[in-house]
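Next come the chains, spelled out residue by residue.
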Number of protein chains: 2
Amino acid sequence: MKELEIIKRKAVQIFSEEELEKKLNSGKKLIIKLGADPSRPDLHIGHSVVLRVLKTFQNMGHEVVFLIGDFTGMIGDPSGKNKTRPALTWEQTRKSAETYLNQATKILDKNKTKIAFNSEWLSKLTLEDIISLTSKYTVARIMERDDFKNRFENGLPLSMHELLYPLMQGYDSVALKADIEIGGTDQTFNLLVGRELQKDYNQEPQVVMTFPLLVGLDGKEKMSKSLDNYIGLNDTPFDKFEKSMKIPDNVLKQYFELATDLTIEKINEIMYKDMREAHFEFAKELIKMYDDINEFEDIKKRYLEIASGGIPEDILEIEIDEKEINICELLVKIGFANSKGEAKRMIIGNGVKIDSKLKQDINEKINIISGKTIVQFGKNKFIKII
Amino acid sequence: MKELEIIKRKAVQIFSEEELEKKLNSGKKLIIKLGADPSRPDLHIGHSVVLRVLKTFQNMGHEVVFLIGDFTGMIGDPSGKNKTRPALTWEQTRKSAETYLNQATKILDKNKTKIAFNSEWLSKLTLEDIISLTSKYTVARIMERDDFKNRFENGLPLSMHELLYPLMQGYDSVALKADIEIGGTDQTFNLLVGRELQKDYNQEPQVVMTFPLLVGLDGKEKMSKSLDNYIGLNDTPFDKFEKSMKIPDNVLKQYFELATDLTIEKINEIMYKDMREAHFEFAKELIKMYDDINEFEDIKKRYLEIASGGIPEDILEIEIDEKEINICELLVKIGFANSKGEAKRMIIGNGVKIDSKLKQDINEKINIISGKTIVQFGKNKFIKII
């Protein structure tokens, strides 16, 4: 099982390898769990690390379950301290799940992927159930989680309900009778709670496998939408290309290893080339995996034109009547800005060029020469006025 | 309000006196909560300290609620570590409540006393409710409770469900909309949780009043049934008398202060007397409060006869046919022992006298002289054979 060897090589930790072998050799169709946060349904290539592991398990005939944490998603943060976690409606969590699945099936086999919502069992728990659940776990054990420990020891706020969340997540594994749970290394503690609780509920404990977190385009923080350092699975091929070119040289090899299916030998070969070429290769792999590889050469050409300060050949044309027009009005008219206010901010932010000249005066009148005047916003938005 | 002054003098802590005054002056009928553990329904004079405070509030027109913790009583200890806390059935908790009320109304006005069972609201809580409840409390705050802190810091087992119990007890105050909660000083932490939670549920916080714990007859540990160092409200008048005589001299004044209604002046006057007389006075007060004071002189007389090694005048007579009988058979026949084995153990334990002579031979044949032979077990069980 060559595929399995690749998974095992990529994994940071496996609890335990012996149990994994045993489960895989049992001939049983295994249930592989991946937890998903419905408040963050946008997937990026950081997520693809575990998704591609799941795909391997699917290829081996096992069942993948996306566990959508809709229950906690619908509660939000009852302490009101975490403003980034508003309560979602039932509809929002369903919509999230759909969005999630649509992106994930760019990698996974849709027919072998199940969606489960934990509200199905968590909303039915009574206080008696919860006392029984919490009685199986000591305070000392839950406080081993680094962030809990640090906040507690440093006198930072830590509400009691937060201690319940890992247990709920662990109880999801009990409810699903998960055989294997997969996640990033930042989830190790939570995944192990599930493993331990299953023992208390007389189930065979799930195997826990953790995988490295992909660093973001800043080369520092882990890739995440909120830090805007990500390459999204739903990004346009052009955006994927452009963002790939921004990957810091010193982490590009890691991107190849974690976010593509290339072999180590092939990666080494690419990395020996010119660094720019290596970035092109990475972009090519991404577009091949998630979009249409036939588009690649066109995208590359367009990218190179823009990068050299040129204007791409094939750009959108918009017809307007005016021969002379205020620059802000022009930006609104051609749809670059939604309002004059926004147009002003774009100009002040040094984002607007006309005929390759930076524009900084918000009151400037522009003379339109039909078929010639080209308005540019940022690096790759162009419109020709006709 | 002289009565209120007495209460305030007896209280160890009041949170807060200003709020207490305000509530009492509001003219509202207040709800006074006392928590009761249905697994320990036997009341002793240690409990009478708070019961007599409640009586005062009843006299002032307020409503007393006995909160029977049947919900946790029925769960028992799900971790299975605490063997002294088996799960009770619904019937047992109702029976406990009845027993509790029967004893408590030796002090309280039955018509102004309400019983509430916390299963009524706790069994209806969902996980969402519990997350909301626990989100209002920090881990740091709950870990301030001494026993939690000590066990956590010393690596002793502390299960997560134990942290939920004070919150549940506190939630009882929310559900009852309690105005005042009363308890022993060992309950201070838990009572304050209720006070704090009420604020979070937009209720006026309950006033918390704590009272001293009465020391047991050993003069060391707090009075409790499990330590067998108690004077029970349901003890016979004779037992109350006899146990009163065993109160260590150095704590007798405290017994007067906490367990009787006598004024400080009166107590001081008594304590200046002979110490034995003071014990008699205490016994008299107890019998006056809980039994029939008319019995007091007879009990005292009987006690003195026994204490001086004599035999009381008025003792039970039992007729038997035998003229000669084995001592063990005799003990079974007159009902002192349930079996010969038990009879043997009583003799070996030096508990049995016949005609004031200690009997130590389990095979001895006793010659019965009808109307004369007196069998004695322990200090105060006598039977005359006729």
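> What is the right way to read a negative patch on the surface from this model?
A cluster of acidic residues, A:Asp292, A:Glu295, A:Glu297, A:Asp298 and A:Asp314, forms a negative patch on the protein surface. Along the chain, the position of A:Asp292 falls in the loop between helix H15 (275-290) and helix H16 (296-307).

> Looking at this structure, I do not really get the packing of aromatic side chains. What am I missing?
What describes a pair of aromatic rings is the distance from one ring centre to the other and the angle between the planes of the rings. All told, the structure shown has 17 aromatic pairs over all chains when counted by the stated rule. Considering the side-chain rings of B:Phe241 and B:Tyr303, the 5.0 Å spacing of their centres and the 45 degrees angle between planes classify their relative orientation as tilted. One end of the pair, B:Phe241, is in helix H12 (residues 237-245); the other, B:Tyr303, is in helix H16 (residues 296-307), with 62 residues separating them in the sequence. Each of the two residues, B:Phe241 as well as B:Tyr303, counts as buried. Taken together through their ring pairs, the aromatic side chains of A:Phe241, A:Phe280, A:Phe296 and A:Tyr303 make up a single cluster. Here the basic side chain of A:Lys300 rests over the ring of A:Phe280, its NZ or CZ set 4.4 Å away from the ring centre.

> Looking at this model, I keep getting lost on the pattern of salt bridges. Mind explaining?
Side-chain pairs of opposite charge can arise where the charged atoms are in close proximity. All names here are of chain A. Within the structure shown, the criterion is met by 48 salt bridges over all chains. We note a salt bridge from Glu364 to Lys359, for which the minimum N-O separation is 3.0 Å. Put simply, Glu5, Lys8, Glu17 and Glu21 are held in one network by salt bridges that share partners.

> Explain the sheet that holds strand E10 (residues 357-358) of chain B to me, please; I cannot follow it from the model alone.
Residues and elements named next belong to chain B. One open sheet accounts for 5 strands, arranged E7-E13-E12-E9-E10; its pairing is mixed. In this open sheet, the two strands that pair with only one neighbour each are strand E7 (316-318) and E10. With 3 bridges joining them, strand E9 (residues 352-354) and strand E12 (residues 374-377) adopt antiparallel strand pairing. Each bridged residue has a counterpart across the sheet, and for Lys353 the counterpart in E12 is Gln376.

> Any chance you could explain the side chain of A:Glu242 here in plain terms?
Residues and elements named next belong to chain A. Relative to the elements of secondary structure, Glu242 occurs in helix H12 (residues 237-245). We note that Glu242 is buried and unpaired, the nearest opposite charge coming from Lys246 at a distance of 5.1 Å. Beyond its immediate stretch of four places on either side in the chain, Glu242 contacts Tyr303, Lys379 and Asn380.

About the criteria used
Residues numbered from 1 in each chain as written. Chains lettered and ligands numbered in written order. Predicted model: local features only at pLDDT ≥ 70, side-chain atom pairs only at ≥ 80, totals over all residues. Heavy atoms only, no water. Patch = residues over 30% accessible without salt bridge, like charges linked within 9 Å, V, L, I, M, F, W, Y side chains within 5 Å. Areas by Shrake-Rupley, 256 points an atom, 1.4 Å probe, with all protein chains shown as cover. Salt bridge = Lys/Arg side-chain N within 4 Å of Asp/Glu carboxyl O. Lys, Arg positive; Asp, Glu negative; His and termini not counted. Charge placed at Lys NZ, Arg CZ, Asp CG, Glu CD. Helix = DSSP H or I, 4+ residues; strand = E, 2+ residues; numbered from the N terminus. Phe/Tyr/Trp six-rings, centres within 6.5 Å; stacked < 30°, edge-to-face > 60°. Buried < 20%, exposed > 50% of the residue type's maximum accessible area, 1.4 Å probe, protein only. Lys NZ or Arg CZ within 6 Å of the ring centre and 35° of its normal. Pairing = 2+ DSSP bridges. Contact = heavy atoms within 4.5 Å.

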